[in-house]
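# What the coordinates show
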Amino acid sequence: MPPKNQKSSGGKGRAAEEAKEDPLSAVVVADSFETRFRPFTLEKPRCLLPLANTPLIEYTLEYLASAGVEIVYIYAGPHIDQLEAYINASRWRASTSPFTELLFLRCIATCVGDVMRDLDQKHLMSGDFLVVGGDIVSNFPLEKALSQHKSRREKDKNAIMTMVLRESEPGVHEHGEGVVSTFVLDPSKNRCLHYEESLPGEQFTAQIDPEILKTPEIEIRQDLIDCRIDICTPDVLSLWSDNFDNQSPRKDFLFGVLKDWELNGKTIHTFIVKDHYASRVADFWSYNTVSQHFQQDIVSSIAVENNVFGETKYDRSQSGYIKDRAIIVHRPAKIDGGSIIGGNTSLGRGCSLTSSVVGQRCHIGKDTQLNSTYVWDDVAIGNNVKITRAIVGNEVFIGDDCIIEEGVLISFGVRIAPGTTVPAGSRVCKGQGVSDGGARNDGLVGGLGGDGHAYLEEEDDYFGSSASRLVFDKLDYAESISSQGSDLSEDEASSFEGSRSHSFATSMSDDDQGDRFQHDTVAILFQRMKEGQKADDMLSELMGLRFSGGADETQVRHAVAVALMKHIHGCIEENLSPAEATRKTLQAYNTLIRRTGATQAVHEQVSFLLDAQKDLTRRKEGGKTLLFVVKDLYDLEVFSEDAFVSWWADERSSSDADMNAVRQQSAQFIEWLENAESESESEEDEDDDDDDDDEDE
């Protein structure tokens, strides 16, 4: 029999081994699967865009290191090679890196849900882990949130996730991601009971389960900034895999888990940050807000002058502005206390910087004025240039005497010719390619001798329009909405003002609700077709979207037309001929057009054809596709002959050059149809004559 002390020692060793926790892991979803930072993200991953002269991914990795994370997995998206090259050359790959492992995971993904399901299949997570975006900026200690999560988990294995949220300052309401997030909470348990999203200015009506209202105390919060820092258990991944329809972390996954709580029994909790900083750069609005926080030294522990990131040598001057030691300033020059200037940058005599950030290796000419502007690296700006509230990307050249008006975004390598005025709200890039390799945008913005073209957004890209414009603060946004191309009324614009927005009395215009319905419905229908879902299964979801969005038959018809054309276009890009793509799509999904309960009057059939025609004006081989669309709709007996003839005669089908051009190839079908009708009428006349002759006999 071994000595007692030896046995005791062995028992302690086993207990210590069992008590040893797995190293903390984190998953960085560096691709947001959004278009809000275009045109910049056409050429560079969003997480490498600079904030206060430091790439966003640096803030994310620095925070994970401070939180004690040892293993990092990164999903990078379409620009993975750029991000991998950056990381491999960074301090995060050095022998002094705080991470024991830093791995890039590759998968074909179109949404965050695809990433989470792929992660579940890889079986990498056995304990608690973090899921963060590649754009978080934070300095709050994570230990308390982790401790609360683990304590809850020990008591209840169904407590599967803790979301980190930050309480916004009084008088501030940030519309992260272009939406207003509403959290319904049980403060006694730090539990989230319900979640919904609405658009800014939209009338909000919460569809709360009556059982939730029986909770002794609930809070309805619209003042919480979603930091997208989630503490998860492997159960979270299983739920993602069980629901293939889920695409986004909040609108789909969070909403669904909370809605189905009685079925799955899983609970999601919150940790609300009050005394530290936590945010994410979700859109241009938050980009500006977080930048200002650095300029104002609000994020003290990772302040620019602390030189946390890389081998920078920033100092805060007595005047309050922050400058690298290696800059050249030709006096006199005016630099206010809210500006940041990167290394090896020169400022010309008489130039003025007001609350602006200038990157490294830039040249700013004499008498040039930058007001609330972000200039990234290696930019050359000439003399006597005026730039107001704009972003200027890497390696841009702006000639002398140019005026860059408010809200302009100038992407990488663009050249603006001397004397050019770039209108407010413009987005300018060198070239916007399409699948066939051609240049899709031909609107010259850079002036004669320049190299800059207007960025063209997708028609069904909601966040590519007013929701992603470069706007700086709510008052200015409300005043300048008309110049930004928004359809909001003055009353709706005023709804951006205020603080916590607890009043749900504001309203949204019918046009904006329709735009949102179109965006969501087209995206969902297109995704279902891509997944190969049957039309009958999609009909109930389509009707649900209609009722939840308060849409009418006209809006549903338009969404179906655009989704079908988009799917046909996708099939063509996968090397199917227009004839094959059209026949395959319309055979499978024509019941979406002639669904039960939908009226099929001739004028409504004509409207569908006009919607399809309009969408195909911007598609590859649109004219040829339209020919096969009308032919197959005829062959499948979806529409009547009168519908095609009426569509061709309708002035709207040839109302402009694009509409007229895309319909030209369909002329042969209309000609054949009219001839066929004439022959049929002649045969009927002959039959009538024969009948008359028989009667005479």
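Below or above, wherever it landed, is the structure these notes cover. Bear in mind that the values here come from a model prediction, so they are computed numbers and not experimental data.

Look at helix α17 (residues 622-635): 20 Å from first C-alpha to last across 14 residues, which is about the 20 Å you get at 1.5 Å a residue. All of the buried residues along α17 are Gly622, Gly623, Thr625, Leu626, Leu627, Val629, Val630, Asp632 and Leu633. A positive backbone phi angle near 55° is found at Glu637, which sits one or two residues after α17.

Here we come to the packing of aromatic side chains. We describe a pair of aromatic rings using the distance from one ring centre to the other and the angle between the two ring planes. For the structure shown, the criterion picks out 22 aromatic pairs. Consider the rings of Phe608 and Phe639, whose centres lie 5.5 Å apart with planes at 80°: the pair is edge-to-face. Pair noted here: Phe608 is in helix α16 (residues 602-616) and Phe639 is in the loop between α17 and α18 (641-649), with a separation of 31 residues, a long-range link. Comparing Phe608 with Phe639 shows no difference in burial state: the two are buried.

What follows concerns helix α15 (residues 578-589). Taking 1.5 Å of rise per residue, 12 residues should cover 16 Å, and α15 covers 16 Å from first to last C-alpha, within 8% of that figure. Burial in α15 covers these residues: Pro578, Ala581, Thr582, Thr585, Leu586 and Tyr589. When α15 is viewed along its axis, its buried side chains cluster within an angular range of 110° and face the same direction.

In this section: the packing of helix α6 (residues 234-242) against helix α7 (residues 249-259). Their axes nearest at 11 Å, the elements α6 and α7 cross at an angle of 100°. With respect to their mutual orientation, α6 and α7 come out roughly perpendicular. Residues Val236, Leu239 and Trp240 of α6 pack against Pro249, Phe253 and Val257 of α7.

Let us now look at the packing of α16 against α18. Packing of α16 against α18 brings their axes to within 9 Å, and their N-to-C directions diverge by 55°. It follows from the interaxial angle that α16 and α18 lie oblique. Of the two possible hands of crossing, α16 and α18 adopt the one that is right-handed. Contact with α16, carried on its side by Val602, Gln605, Val606, Leu609, Leu610 and Gln613, involves Asp642, Ala643, Phe644, Ser646 and Trp647 of α18 and no other residues of that element.

This paragraph deals with the layout of surface pockets. Vacant regions in the atomic arrangement are exposed by a probe of water-molecule size rolled over the atoms. Taken as a whole, the second largest pocket encloses approximately 570 Å³ of empty space. Around the second largest pocket, the lining is made up of 25 residues, and of these Asn53, Pro55, Tyr86, Gln360 and Asp377 lie nearest the centre.

Counted under the stated rule, the structure contains 30 salt bridges. Between Asp226 and Arg228 there is a salt bridge, with the nearest N and O atoms lying 3.4 Å from each other.

Conventions used here
Residues numbered from 1 in each chain as written. Predicted model: local features only at pLDDT ≥ 70, side-chain atom pairs only at ≥ 80, totals over all residues. Heavy atoms only, no water. Helix = DSSP H or I, 4+ residues; strand = E, 2+ residues; numbered from the N terminus. Expected span 1.5 Å × (residues − 1). Buried < 20%, exposed > 50% of the residue type's maximum accessible area, 1.4 Å probe, protein only. Phe/Tyr/Trp six-rings, centres within 6.5 Å; stacked < 30°, edge-to-face > 60°. Arc of directions from axis to C-beta. Axes fitted to C-alpha atoms, helices over the stretch in contact; angles between N-to-C directions. Parallel < 35°, antiparallel > 145°, perpendicular 65-115°, else oblique. Contact = heavy atoms within 4.5 Å. Left-handed = near helix turned anticlockwise from the far one by under 90°. 1 Å grid on protein atoms, 1.4 Å probe; cavity = no way out; pocket = protein on both sides within 12 Å on 5 of 7 lines; lining within 4 Å. Points joined across faces, edges and corners; volume = space filled by probe spheres on them. Salt bridge = Lys/Arg side-chain N within 4 Å of Asp/Glu carboxyl O.

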